[in-house]
Amino acid sequence: MEPTVQKTLHPTQEFGPCLREILKEKQVSASELARMMNYKSRNSIFRILCGKGGHGARQTFYERLMQEDPLRLSDEQRERLGQALEISRVGLKAYLDNQAMHELLMGGKPRTAQQTVRVDAAYLYPQDPDFCKATESLTRAQRVCLTILGCCDRAIFDALRERIFRRDVRCDVQIVHLIYTGPEEIVRNIAAIQPLLYCDFYNAYCIEPGLFSRERERLYRGNCIYAHVQDEQGDWYDRQLLLIDKGVFVPTHRMAAAEHNPIKALLDQDLARMTPLKAPSGGGMAVGDYLAYTEGCRKLEQNRAIYTIKLDVPVSFVPADILVSCVSDGLLEKEVLEDMERIHRQRFENFLTKKKVNHTIFSREAMERFAQTGRQSDHFFALRSYTPGERVRILQNLREQEARNPYFHVHFFTDDFEPPASEMALYEGVGTLMAKPYTNYDLAGDHAETIIAQEEFCVSFRAFFLHDLLERHVLSREATLAVLDELIETAKNA
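Numbers given for residues are sequential positions, taken from 1 along each chain in its written order. Local features in a predicted model are, by the rule used here, given only for residues with pLDDT of at least 70; side-chain atom pairs are given and counted only at 80 or more, and totals for whole chains, interfaces and linings are based on all residues. In computing side-chain values, all of the structure's heavy atoms are included and hydrogens and water are not.

1. Re the pattern of salt bridges
Thought 1: Any carboxyl oxygen of Asp or Glu within 4 Å of a side-chain nitrogen of Lys or Arg constitutes a salt bridge here. For the structure on display, the rule yields 33 salt bridges.
Thought 2: With a shortest N-O distance of 3.8 Å, Arg342 and Asp339 are connected by a salt bridge. Separated by 3 residues within a single helix, Arg342 and Asp339 lie in helix H15 (residues 334–353), roughly one turn from each other.
Thought 3: Exposed residues in this analysis have more than 50% of their type's maximum accessible area, buried residues have under 20%, and partly exposed residues fall in between, with area computed by a 1.4 Å probe over protein chains only. Relative accessible area serves as the criterion here: at 41%, Arg342 is assigned to the partly exposed category.
Thought 4: With relative accessibility at 32%, the residue Asp339 sits in the partly exposed group. By definition, any uninterrupted DSSP run of H or I lasting at least four residues is a helix, any uninterrupted run of E lasting at least two residues is a strand, and each is numbered from the N terminus.

2. Focus: the nonpolar core
Thought 1: Here the nonpolar core consists of buried residues drawn from Ala, Val, Leu, Ile, Met, Phe, Trp, Tyr and Cys, with membership extended through side-chain atoms lying within 4.5 Å. Counting residues in each nonpolar core, the largest one holds 59 residues, and the members touching the most others are Tyr202, Phe457, Phe461 and Phe465.
Thought 2: Looking at this core element by element, the count peaks at 8 residues for helix H18 (residues 455–472).
Thought 3: Not counting the four nearest positions on each side in its chain, Phe461 is found in contact with Met101, Tyr307, Ile309, Met424, Ala425, Leu426 and Thr432.
Thought 4: Counting residues in hydrophobic clusters, the runner-up holds 44 residues, among them Leu291, Cys326, Phe412 and Val483. Contacts are assigned to residue pairs with any non-hydrogen atoms lying within 4.5 Å of each other.

3. Some remarks on the sheet that holds strand S13 (residues 431–435)
Thought 1: Being paired, for any two strands, means DSSP has found at least two bridges between them. Read from one edge of the open sheet, 7 strands run S8-S14-S13-S12-S9-S10-S11, paired in mixed fashion. Looking at the sheet topology across the chains shown, the edges are occupied by strand S8 (278–279) and strand S11 (408–412).
Thought 2: Taken together, the 5 bridges between strand S10 (residues 358–362) and S11 define a ladder with parallel strand orientation. Each residue of the ladder has a partner; that of His359, found in S11, is His409.

4. A look at unusual backbone geometry
Thought 1: Positive phi, normally seen in glycine, also occurs at Asn38, with a value near 60 degrees.
Thought 2: Asn38 gets classed as exposed once you look at its relative accessible area, which sits at 65%.
Thought 3: In the Ramachandran plot, Asn223 falls in the positive-phi region, its phi being about 55 degrees despite a non-glycine side chain.
Thought 4: By the element assignment, Asn223 lies in the loop between helix H11 (214–220) and strand S4 (224–230).

5. Re the pairing of strand S5 (residues 236–245)
Thought 1: Sheet topology note: the S4/S5 ladder contains 7 bridges and is antiparallel. Across the sheet, His228 pairs through a bridge with Asp238, a residue of S5.
Thought 2: Taking the residues between adjacent antiparallel strands as the criterion, S4 and S5 are bridged by 5 residues, where Gly234 takes a positive phi near 95 degrees.

6. Some thoughts on helix H4 (residues 55–68)
Thought 1: A helix's residues, less one, multiplied by 1.5 Å, set its expected span. In this model H4 runs 20 Å from its N-terminal to its C-terminal C-alpha over 14 residues, within 8% of the 20 Å that 1.5 Å per residue would give.
Thought 2: At its buried positions, H4 is contacted by helix H1 (15–26), helix H2 (30–36), helix H3 (43–49) and helix H5 (75–90).
Thought 3: Among the residues trailing H4, Asp69 stands out with phi positive, at a value near 50 degrees.

7. A few points about the confidence of the model for the protein
Thought 1: For every residue, the predictor assigns a confidence score, pLDDT, that lies between 0 and 100. Per-residue pLDDT for the protein averages 84, and the proportion of residues at 70 or more is 85%.
Thought 2: Contacts of residues 282–288 to residues separated by more than four positions or lying in other chains number 13 contacts, the stretch itself having pLDDT below 50.

Listed below in structure tokens is the structure:
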């Protein structure tokens, strides 16, 4: 039996046209609505229907309409109006980019209020018989070289990760993915590839608008997965999956010359002209070398404007003397400890003295856990828990900086905002770092992060941070200071 697809409306309307459509559905005129809401003049309603006036007037009207509910709106109509109000506030492109950013932040899960934004085909690809058969055969191969053109649908990448990149799959995998990075698509494309974004074997390249002719650009946006595979017996074959519709792949199969990958041979020359989507994280860290990683972080932070979404206190906000005193006995040599203190002192002082803005948004729930336990969500494996006194000092410093430093700002998500499943930070002039939370920074383990250097993505993230998160989803400054005071008391009494 085929799965049921629930068709949903894609939000494209601004507030006025959306309201006009709902009035038509309810068979209510603008004049009748004005009378229902006790407006002295129906012109106020007509101005809103025609898109005139500022956002404040639309917001006030919307809040009255939701509270008084003269139209007896359904949940679906309420959601449509809420989406339309936000589209009128920021524009359609920014609205769609912001929804994709929320999806990135939540690890792929759409926000509850926005689940009808698009048709979710996540169930389709695992059940598509051709996709299932093709991907399952790859799990038994010795080597797999995937070249992906387009195919920026998260359901595809969820299915690829689920089927091919499991712990019991031992094949050698390499992926080259060519992604169109025009401003109208880049954020949603990156949200789609998140399941593989942190993997070392996944390498994405940007097809910037105008880089190639229209004909060649259409080739690279052709929505195709090409696999060059060495099977269990050592024989090579090529398999192509052509995405012809949402959830529908058409496969081809042919034997291939040993190790000769014709698609890669054709692309190599063009790849030299493309920019890698991911930049080396941590300033080119040496894997397993924490000091090299930390020095890379210092260079990344040095005298830059930074916009960070993080669960709780980052290690760079901890005074160096506290950090060094927390290192468990015998885990680090004296010379390493001295270098660690020097680097962290520079990082800490940079945040206090730089004349560039620094915004950090915390989860209140995670910060309360830190105040109670002295452990960060990304607590470094070589550190003991912070003592109550150390926690108090760390939190007091955050409060003092928020109160007095015009460049240093901390914020808390509102209680109705679900804690993020990803951590993101824009380092202006470099890129946007994305990292999995709850790491212990064992760089040889499952720690994962990457930097998206693509300029349009960074521009969109900054706009999302400033005009969506800071304007709509964080506590006021007065409430922030009050929360910091509460956290300090919690740490004192822990």
